[in-house]
Amino acid sequence: MDAQTLELKRSNAELEQFAYVASHDPQEPLRKVASFCQLLEERYGDQLDDRAKQYIDFAVDGAKRMQILVNDLLTFSRVGRVGEELVPVALDDVLDRALGNLSVVLEETGAHVVREGPLPTVTGDATTLTMLWQNLIGNAVKFGHPDRPPEIAVRCEPEPKDGQWRLTVRDNGIGIEPEFSMI
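In short, a report on the structure.

Rules used throughout
Residues numbered from 1 in each chain as written. Predicted model: local features only at pLDDT ≥ 70, side-chain atom pairs only at ≥ 80, totals over all residues. Heavy atoms only, no water. Pairing = 2+ DSSP bridges. Helix = DSSP H or I, 4+ residues; strand = E, 2+ residues; numbered from the N terminus. Axes fitted to C-alpha atoms, helices over the stretch in contact; angles between N-to-C directions. Contact = heavy atoms within 4.5 Å. Buried < 20%, exposed > 50% of the residue type's maximum accessible area, 1.4 Å probe, protein only. Polar contact = N/O pair within 3.5 Å; in protein donor to acceptor, adjacent residues only side chain to side chain. Core = buried A, V, L, I, M, F, W, Y, C linked by side-chain atoms within 4.5 Å.

Moving on, we get to the sheet that holds strand S2 (residues 112-115). Pairing between the strands of a sheet is mediated by backbone hydrogen bonds and can be parallel or antiparallel. Across the sheet, three strands lie side by side as S2-S4-S5; this open sheet has mixed pairing. Of all strands in the sheet, those bounded by a partner on one side alone are S2 and strand S5 (165-171). Averaged over all adjacent pairs, the angle separating strand axes in this sheet is 15°, with direction ignored. With four bridges connecting them, S2 and strand S4 (residues 151-158) associate as parallel partners. Paired with Val113 across the two strands is Ile152, which belongs to S4. Of the strands in this sheet, S2, S4 and S5 are in contact with helix H4 (residues 91-101), which crosses S2 at around 175°.

Strand direction decides the pairing type here: S4 and S5, joined by seven bridges, are antiparallel. Residue Ala153 lies in a different strand from S5, and its bridge partner there is Arg170. Linking two consecutive strands that pair antiparallel, namely S4 and S5, is a turn of six residues; a positive phi of about 75° is found at Gly163 within it.

Next up on the list: the side chain of Arg65. Looking at where Arg65 falls in the secondary structure, it is placed in helix H3 (residues 50-78). Residue Arg65 is classed as buried on the basis of its relative accessible area, which comes to 19%. The residues contacting Arg65, other than those within four sequence positions of it, are Gly100, Asn101 and Ser103.

A word on the environment of Asp171. Along the chain, the position of Asp171 falls in strand S5. For Asp171 and Gly144, which are 27 residues apart along the polypeptide, the C-alpha to C-alpha distance reads 8.0 Å. For Asp171, the contacting residues outside a window of four places in its chain are Ala140, Glu151 and Ile152. A polar contact is formed between the side chain of Asp171 and the backbone nitrogen of Gly173, at a distance of 2.7 Å.

Another point: the nonpolar core. Counting residues in each nonpolar core, the largest one holds 19 residues, and the members touching the most others are Leu91, Leu95, Leu106, Leu119, Trp133 and Ile137. Of all elements in the fold, only H4, helix H6 (126-142) and S4 reach the threshold of two or more residues within this core. Apart from residues lying up to four places away in sequence, Leu106 is in contact with Leu99, Ala111, Val113, Ile137 and Val141. Counting five residues, the second largest nonpolar core, distinct from the first, contains Ala34, Cys37, Ile56 and Ala63.

Function-wise, these values are silent; they only describe arrangement.
Here's what the structure looks like:
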């Protein structure tokens with residue numbers, strides 16, 4: 001048992017080191033991509049049409065969002081290991097962040113996401129909650145019906161019994177086979 005515990009500690013340390021390298025090393029190239037795109041616009045802006053300027057904005061925005069995702073990878077790799085405390089997180093903010101991360105796929109598929117009312121602030125981890133929204137909405141798009149664009153509704157309702165919240169993501173996709181349904 002002691003040998004297994006020691007091996008698990010070693011493995012976790014290696015995983016944390018990998019996550020650090022994987023999240024730290026891409027930072028500089030991402031900064032360069034954003035900077036050079038901004039320099040292109042600055043230097044040749046008067047020669048660029050609106051579409052070219054829009055493409056530069058997309059590249060800069062994508063690089064900045066990728067930096068956030070890379071930082072989130074490092075944060076996520078440390079969740080539960082460094083004693084970080086849970087904090088108040090506005091679900092509207094993390095949903096906006098998830099939608100920003102999914103903006104390309106949402107646009108490509110013609111997906112429409114509706115927020116049915118304001119979302120509460122809960123105690124949690126912003127990175128984990130962003131990933132939750134991103135996975136739920138990403139799956140709604142991924143498993144969309146081939147004959148129609150995805151329509152996705154997000155709602156949050158209080159549970160009267162225990163003061164908890166029920167988060168709901170509903171879509172018009174292909175559905176879930178009854179044997180896999182949890183309801």
